[in-house]
Amino acid sequence: MKNHAFPTKKLVEAGALSALSIVLSLTPLGYIPWFSGATLSVLAVPAIIGALVGGPAVGTFVSAVFGLTSMVQAATNPARGPIDMFFVNPLISVLPRLFIGITAWLVFRAFRGKHTPAAAALAGITGALANSVLTLGALFLAGAIPLAVAATVLVSNGILEAAAGGILSSAVVSAWKGIASRSGRSKISEEEEKAENSGESR
Amino acid sequence: MKNMEFFRNVSIGRYIGGDSAIYRLKPGTKYLWLLALSIPAIASPRLPGLVLPLVCALAAGAASGLKPRFLLRCVVPALPFFALAALLQFLFSFPNDSSPLLFKIGPISGTVREGLAILMAVFRTIDLMVIIGLFTSVTSESEITHGIEDAFAPVSRNGGWVHDFALVVGLSFRFIPIIAGELEAIVLAQSSRGASFGTAKGRPLAKVRAYLPLFVPVTVRALERAELLAEAMDARCYTGNGRTRYVVYEGTKHEGLAKGLAFAFCGIALAIAFML
């Protein structure tokens, strides 16, 4: 019966992570508030996780969905910023995003399964950077923003988004692989406790 | 977190019930029209090509009982941002801009080229807002989720990847309310344990780490559900081809006509867009 190209598990993973991407983009949780209005976008992370957990095809699919959500959001709710109008163009909103999954996967694969948390962190950083650089590059090439603005945004937002991508990807992949390979105490509770403790002690 | 109600914001569109011929079309045909209207709106390089999809969408809306004013009303909240975007566009000039100057107020100078760029971007956005508004008003939520597979049906064959592609897209639509519910549950649970997500002070990295108790569980739960669902699907052989469905859409007598018109419209609109 299995005469199709992909194992069912990867298909469903792609579907679930795309749904996560869509939901995050629709709620204010997709954006970490930074200071008075500026936000860091973590929407690239489900795409990165798709690549790390499911492979390049899954990662690219979720990346495409991410691009499409930003396009549809720009088309239906351009109330977040004037630059949004340029995201209506799929060459700006979808095309650069397609590389998020692939770049993250390539970096992760270079570690050949060892040092998973660090590998995932680097892959997350790479994916988020790919998102920032390529999207800003596309905006610049389309004449939407001058090079100085693009570079400024890249340095101010892009680096922090890359760090956020690294932290989040590493945490999720570590928790996920911990669950899959260990029966018994799940790793999620450890991650949650660590994060909560660090949050409370601030 | 000020607003914890996510379910309200995650519904797919504002469906308005009705019974005209357009409402009774099969969802696959409605998707076809969505594409036929959107592709010229996205692709046309010049202004005249953007007007035709808008007019057609408004006409289709009128034909199904939606006044044009209703569809255009969603554009109104965006007008101030169009103005802001126009201002930004005028502030930063294109390199090597040699088109005639429209006006000059202090440091802000506007050329014809910038004016056209703004008009086109504004029109494109209005186009897409009206088209998507029309689609969601005419297509109920179950039609949206089931219809995505119908839309791909003509193109997929046995064992082809397009078949799986349609399955994945349908799956993600179905997962959206589930994940939204998970997200809400986790936010409430973690907040009741004292975790704060948005209001923490400190270096940005500390704020990112404050998001971990929210992001990690939601993502891992999503992956867990995916694994369970994949096992369930495999156990029931609900993979590959020959998947049956509980809900069947009959459509109207004019399905073929509607589909043909969609292709014709798209072709004509694209031709006009690129030739005028």
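Residues numbered from 1 in each chain as written. Chains lettered and ligands numbered in written order. Predicted model: local features only at pLDDT ≥ 70, side-chain atom pairs only at ≥ 80, totals over all residues.

1. Remarks on the overall build of chain B
For chain B, the helix and strand inventory stands at nine helices and two strands. Split into buried and exposed, the 276 residues of chain B put 37% on the buried side. By sequence separation, contacts in chain B at least 24 residues apart represent 74% of the contacts at least 6 residues apart. (Helix = DSSP H or I, 4+ residues; strand = E, 2+ residues; numbered from the N terminus. Buried ≥ 20, exposed ≤ 12 C-beta atoms within 10 Å, placed from the backbone. Contact = placed C-beta atoms within 7 Å.)

2. Let's talk about the overall build of chain A
A tally of helices and strands in chain A yields eight helices and two strands. Starting at the N terminus, the α and β elements of chain A follow one another as α-β-β-α-α-α-α-α-α-α. In chain A, the proportion of contacts linking residues at least 24 apart, taken out of those at least 6 apart, comes to 67%.

3. With respect to the packing of helix α1 (residues 27-43) of chain B against helix α9 (residues 255-275) of chain B
All names here are of chain B. Two elements in contact, α1 and α9, have axes separated by 9 Å at closest approach and are oriented at 5 degrees. What the angle tells us is that α1 and α9 run roughly parallel. For the pair α1 and α9, the contacting residues are Thr-29, Leu-32, Trp-33, Ala-36, Ile-39, Pro-40 and Ala-43 in the first and Glu-255, Ala-258, Lys-259, Ala-262, Phe-263, Phe-265, Cys-266, Ala-269, Leu-270 and Ala-273 in the second. (Axes fitted to C-alpha atoms, helices over the stretch in contact; angles between N-to-C directions. Parallel < 35°, antiparallel > 145°, perpendicular 65-115°, else oblique.)

4. Quick word on helix α2 (residues 44-54) of chain A
For an α-helix, 3.6 residues make a turn, and residues three or four places apart therefore share a direction. All names here are of chain A. Among the eleven residues in α2, eleven count as buried, and that is most of the element. Taken together, the buried positions of α2 are Ala-44, Val-45, Pro-46, Ala-47, Ile-48, Ile-49, Gly-50, Ala-51, Leu-52, Val-53 and Gly-54. At the exit of α2 stands Gly-55, carrying a positive phi of roughly 105 degrees.

5. Section: the nonpolar core
Counting residues in each nonpolar core, the largest one holds 128 residues, and the members touching the most others are Ile48(A), Leu52(A) and Val172(A). Ranked by residue count, the leading element in this core is helix α8 (residues 204-235) of chain B, at 14 residues. Residues in contact with Val172(A), not counting those within four places in the same chain, are Ile49(A), Phe215(B), Val216(B), Thr219(B) and Val220(B). (Core = buried A, V, L, I, M, F, W, Y, C linked by C-beta atoms within 7 Å.)

6. A few points about the packing of helix α2 (residues 48-63) of chain B against helix α5 (residues 112-138) of chain B
All names here are of chain B. Where α2 contacts α5, the axes come no closer than 9 Å and their chain directions differ by 25 degrees. Viewed along their axes, α2 and α5 adopt a mutual orientation that is roughly parallel. Crossing handedness for the pair α2 and α5: left-handed. Where α2 approaches α5, its residues Leu-50, Pro-53, Leu-54, Ala-57, Leu-58, Ala-60 and Gly-61 are matched on the opposing element by Met-120, Phe-123, Arg-124, Ile-126, Asp-127, Val-130, Ile-131 and Leu-134. Partitioning the contact of α2 with α5 into residue classes produces twelve nonpolar, one polar and two charged. (Left-handed = near helix turned anticlockwise from the far one by under 90°. Nonpolar A, V, L, I, M, F, W, Y, C, P; charged D, E, K, R; others polar.)

7. Remarks on the environment of Val112(B)
Inspection of the secondary structure assignment puts Val112(B) in helix α5. For the pair Val112(B) and Ala185(B), spaced 73 residues apart in sequence, the C-alpha separation works out to 52 Å.

8. Some thoughts on α1(B)
Given a rise of 1.5 Å per residue, 17 residues ought to cover 24 Å, and the 24 Å separating the end C-alpha atoms of α1(B) matches this to within 8%. Burial within α1(B) is extensive, with 13 of its 17 residues counted as buried. (Expected span 1.5 Å × (residues − 1).)

9. Overview of the confidence of the model for chain A
Residues and elements named next belong to chain A. Averaged over chain A, the pLDDT score is 78; the fraction of residues at 70 or greater is 74%. Every residue in residues 32-38 is under pLDDT 50, and counting partners more than four places away or in other chains gives twelve contacts. Within the model, pLDDT remains below 50 along residues 181-187, and this stretch shows six contacts once partners closer than five positions in the same chain are excluded. (pLDDT = per-residue confidence, 0-100.)

10. Looking at the environment of Val149(A)
All names here are of chain A. Secondary-structure assignment places Val-149 in helix α7 (residues 147-181). Look at Val-149 and you get partly exposed, because 16 C-beta atoms sit within 10 Å. On a C-alpha basis, the gap between Val-149 and Gly-55 in space is 34 Å, while along the polypeptide they are 94 residues apart.

11. Quick look at the confidence of the model for chain B
Detailed reading of the predicted coordinates is not advisable wherever pLDDT is low. For chain B, the average pLDDT comes to 75, and 79% of its residues sit at 70 or higher. Contacts for the low-pLDDT stretch residues 1-12 of chain B, under 50 throughout, to residues beyond four places or in other chains number 24 contacts.

12. Focus on the environment of Pro177(B)
Note that Pro177(B) resides in helix α7 (residues 161-192). Measuring from C-alpha to C-alpha, the distance between Pro177(B) and Lys259(B) comes to 31 Å, with 82 residues separating the pair along the chain.

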